Amino acid sequence: MSDANQLDLWASADVVQPEVDWYPHWLESAAAATSLARLIDEVGWKQDTIGTPGGPKPLPRLTAWQGDAGAIYVYSGILNVPSEWTPTVLELKTAVEATTGARFNSVLLNRYRSGDDSMGWHADRERELGPEPIIASVSLGATRRFDLRHNESGVMRRFELTSGSLLVMRGRTQALWRHRVPKAVGLVGERINLTFRFVTPR
Ligand SMILES: O=C(O)CCC(=O)C(=O)O
Ligand SMILES: [Fe+2]
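Bear in mind the structure is a predicted one, so any value in this text is a computation, not a measurement.

**Student:** Residue-level account of the packing of aromatic side chains, with values.
**Tutor:** Under the definition given, this model contains 3 aromatic pairs. Ring geometry for Trp-22 and Phe-159: centres 5.4 Å apart, planes at 65 degrees, overall edge-to-face. Of this pair, Trp-22 sits in strand 1 (residues 20-23) while Phe-159 is found in strand 11 (residues 156-161), placing the two residues 137 residues apart along the sequence. With relative accessibility at 30%, the residue Trp-22 sits in the partly exposed group. Its relative accessible area of 14% is what places Phe-159 among the buried residues. Consider the rings of Trp-65 and Tyr-73, whose centres lie 4.5 Å apart with planes at 40 degrees: the pair is tilted.

**Student:** Tell me about the site of ligand 1, and name the residues and values.
**Tutor:** As a matter of local geometry, ligand 1 sits amid 14 residues, with Asn-110, Tyr-112, His-179, Arg-191 and Arg-197 nearest to it. In the environment of ligand 1, an oxygen atom lies 3.1 Å from a nitrogen or oxygen atom belonging to the side chain of His-179. Between an oxygen atom of ligand 1 and a side-chain N or O atom of Arg-191, the distance comes to 2.8 Å. Out of a free accessible area of 290 Å², ligand 1 has 98% covered by protein chains. Contributing elements (two or more residues each) for the shell around ligand 1: strand 7 (106-112), strand 8 (119-122), strand 13 (177-181) and strand 14 (191-197). Among the elements that make up the shell around ligand 1, the one with the highest residue count is strand 14 (4 residues).

**Student:** Describe the coordination of the iron ion (ligand 2), and please don't skip the residues or the numbers.
**Tutor:** Around the iron ion (ligand 2), the donor atoms from the protein are His-122 (NE2), Asp-124 (OD) and His-179 (NE2), and they sit 2.1 to 2.2 Å away. Going along the chain, you hit the donors of the iron ion (ligand 2) in the pattern H-x1-D-x54-H. Note that His-122 is positioned in strand 8 and His-179 in strand 13, a separation of 57 residues in sequence. The pair His-122 / His-179 is uniform in exposure class, with both members buried.

**Student:** Give me the lowdown on the side chain of Asn-193, citing residues and values where you can.
**Tutor:** Tracing the sequence through the fold places Asn-193 in strand 14. Here the side chain of Asn-193 touches Ser-137 through a polar contact of 2.8 Å, side chain to side chain.

**Student:** Lay out the layout of surface pockets in plain terms, naming residues and giving numbers.
**Tutor:** Unfilled space is identified by rolling a water-sized probe across the atoms. By volume, the largest pocket is sized at about 600 Å³. As for the largest pocket, its lining consists of 35 residues, of which Arg-61, Tyr-75, Leu-108, Met-119 and His-122 are closest to the centre. Looking at the lining of the largest pocket, the elements that each hand over two or more residues are strand 2 (49-52), strand 5 (73-75), strand 6 (78-80), strand 7, strand 8, strand 9 (135-141), strand 13 and strand 14. Classifying every residue of the lining of the largest pocket by side-chain character gives 17 nonpolar, 11 polar and 7 charged. In this model, the second largest pocket occupies a volume close to 160 Å³. Lining the second largest pocket we find Val-43, Gly-44, Lys-46, Asp-48, Thr-63, Ala-64, Trp-65, Gln-66, Asn-80, Val-81, Pro-82 and Ser-83.

Calculation criteria
- Residues numbered from 1 in each chain as written.
- Chains lettered and ligands numbered in written order.
- Predicted model: local features only at pLDDT ≥ 70, side-chain atom pairs only at ≥ 80, totals over all residues.
- Heavy atoms only, no water.
- Phe/Tyr/Trp six-rings, centres within 6.5 Å; stacked < 30°, edge-to-face > 60°.
- Helix = DSSP H or I, 4+ residues; strand = E, 2+ residues; numbered from the N terminus.
- Buried < 20%, exposed > 50% of the residue type's maximum accessible area, 1.4 Å probe, protein only.
- Near = heavy atom within 4 Å.
- Polar contact = N/O pair within 3.5 Å; in protein donor to acceptor, adjacent residues only side chain to side chain.
- Areas by Shrake-Rupley, 256 points an atom, 1.4 Å probe, with all protein chains shown as cover.
- Donors = N, O, S within 2.8 Å, 3.2 Å for Na, K, Ca; no water.
- 1 Å grid on protein atoms, 1.4 Å probe; cavity = no way out; pocket = protein on both sides within 12 Å on 5 of 7 lines; lining within 4 Å.
- Points joined across faces, edges and corners; volume = space filled by probe spheres on them.
- Nonpolar A, V, L, I, M, F, W, Y, C, P; charged D, E, K, R; others polar.

Now the structure itself:
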């Protein structure tokens, strides 16, 4: 790499930032633990598969979709009709809307059973989310690392998603960055994540 490019990378490392709002202590830890226990019971968790060249493979996590009836989402070519809101999810949605001032009509729930469960690099940029989606991500249970990588420069931003935290991604974050939850080594307990979204209703 030339010196000029090296300098560019250092310069962008300071300047390039995703558009995120970060609330590390959004919920008190007791409230977060209560919500975690309730969600394990009340949500209809599914083991989804992803199509690969070698055939369908189980996702390394359990998932569920909830939302308003019209909030249909096309995901890996499949029409996803959401389940009805359950009480704890609805409570969290109301609280997230109060904090962000945004409205949400759907949520993807991810359940990471241990450090072996993970989510690979991706951006949430399906057409029905619009060009600058607001995605509000609530974390409950075990702390997991969340990486954001700027597509053009490769600059990385790292968050430790602690129990009761809220991370809001907005603006051009999905267009310009990817994110992931990597596997974690050692004894890592269960974690549930809720990503609230607004899907253009059909
Ligand atoms: O588990 C997380 O914190 C990330 C979830 C996520 O990126 C998604 O649901 O699209
Ligand atoms: Fe995501």
